[in-house]
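Given next are the chains, with one letter for each unit.
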Amino acid sequence: MNELAKYQIDQIEQIIAQDHLVHWELKRGKREDIERLISISRYRGIRHQDGSPLRGQRTHTNARTFRKQIRK
């Protein structure tokens, strides 16, 4: 990488971006999916808003991150 010129690095990045999703694109897609669930008031969207477990996990004795949010 140190021996490549700036234009060569840019060309490599363009080639990779054409064929594959880049890290920030994946994160943006995930965030858009979550926002969509929240906007249509789906169960999973509401759980995302609350910070609760999404997939039916137990919250009475587990889910420590959820309990931390309650104690605020």
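Look above for the structure.
Let us look at the structure shown here. (Residues numbered from 1 in each chain as written. Predicted model: local features only at pLDDT ≥ 70, side-chain atom pairs only at ≥ 80, totals over all residues. Heavy atoms only, no water.)

## Side note on the overall build of the protein
Keep this limit in mind: Helix and strand assignments come from DSSP, with helices taken as H or I runs of at least 4 residues and strands as E runs of at least 2, each series counted from the N terminus. Burial status follows relative accessibility: with a 1.4 Å probe on protein chains alone, a residue under 20% of its type maximum counts as buried, one over 50% as exposed, and anything between as partly exposed.
A count of helical and extended segments in the protein gives 4 helices and 0 strands. Listed N to C, the secondary structure of the protein is α-α-α-α in terms of helices and strands. When burial is assessed residue by residue, the protein has 12% of its 72 residues classed as buried.

## A few points about the pattern of salt bridges
Quick note on the threshold: What makes a salt bridge here is a side-chain nitrogen of Lys or Arg within 4 Å of a carboxyl oxygen of Asp or Glu, nothing more.
Scanning all chains against the criterion turns up 2 salt bridges. Of the charged contacts, one joins D10 and K6 as a salt bridge, the two residues approaching to 3.5 Å between their closest N and O atoms. Taken together, the residues D10 and K6, both in helix 1 (residues 6-19) and 4 residues apart, mark about one turn of the helix. A relative accessible area of 28% places D10 in the partly exposed class.

## Describing a nonpolar patch on the surface
The test is simple: Each patch is built from salt-bridge-free residues with over 30% relative accessible area, joining like charges within 9 Å and nonpolar side chains (Val, Leu, Ile, Met, Phe, Trp, Tyr) within 5 Å. In short, Shrake-Rupley with a 1.4 Å probe defines the accessible areas, and a residue's cover is counted only from the protein chains shown.
On the surface, L4, I12 and I16 cluster together into a nonpolar patch covering about 230 Å² of accessible area. When you line up the elements, L4 lands in the segment before helix 1. L4 gets classed as partly exposed once you look at its relative accessible area, which sits at 33%.

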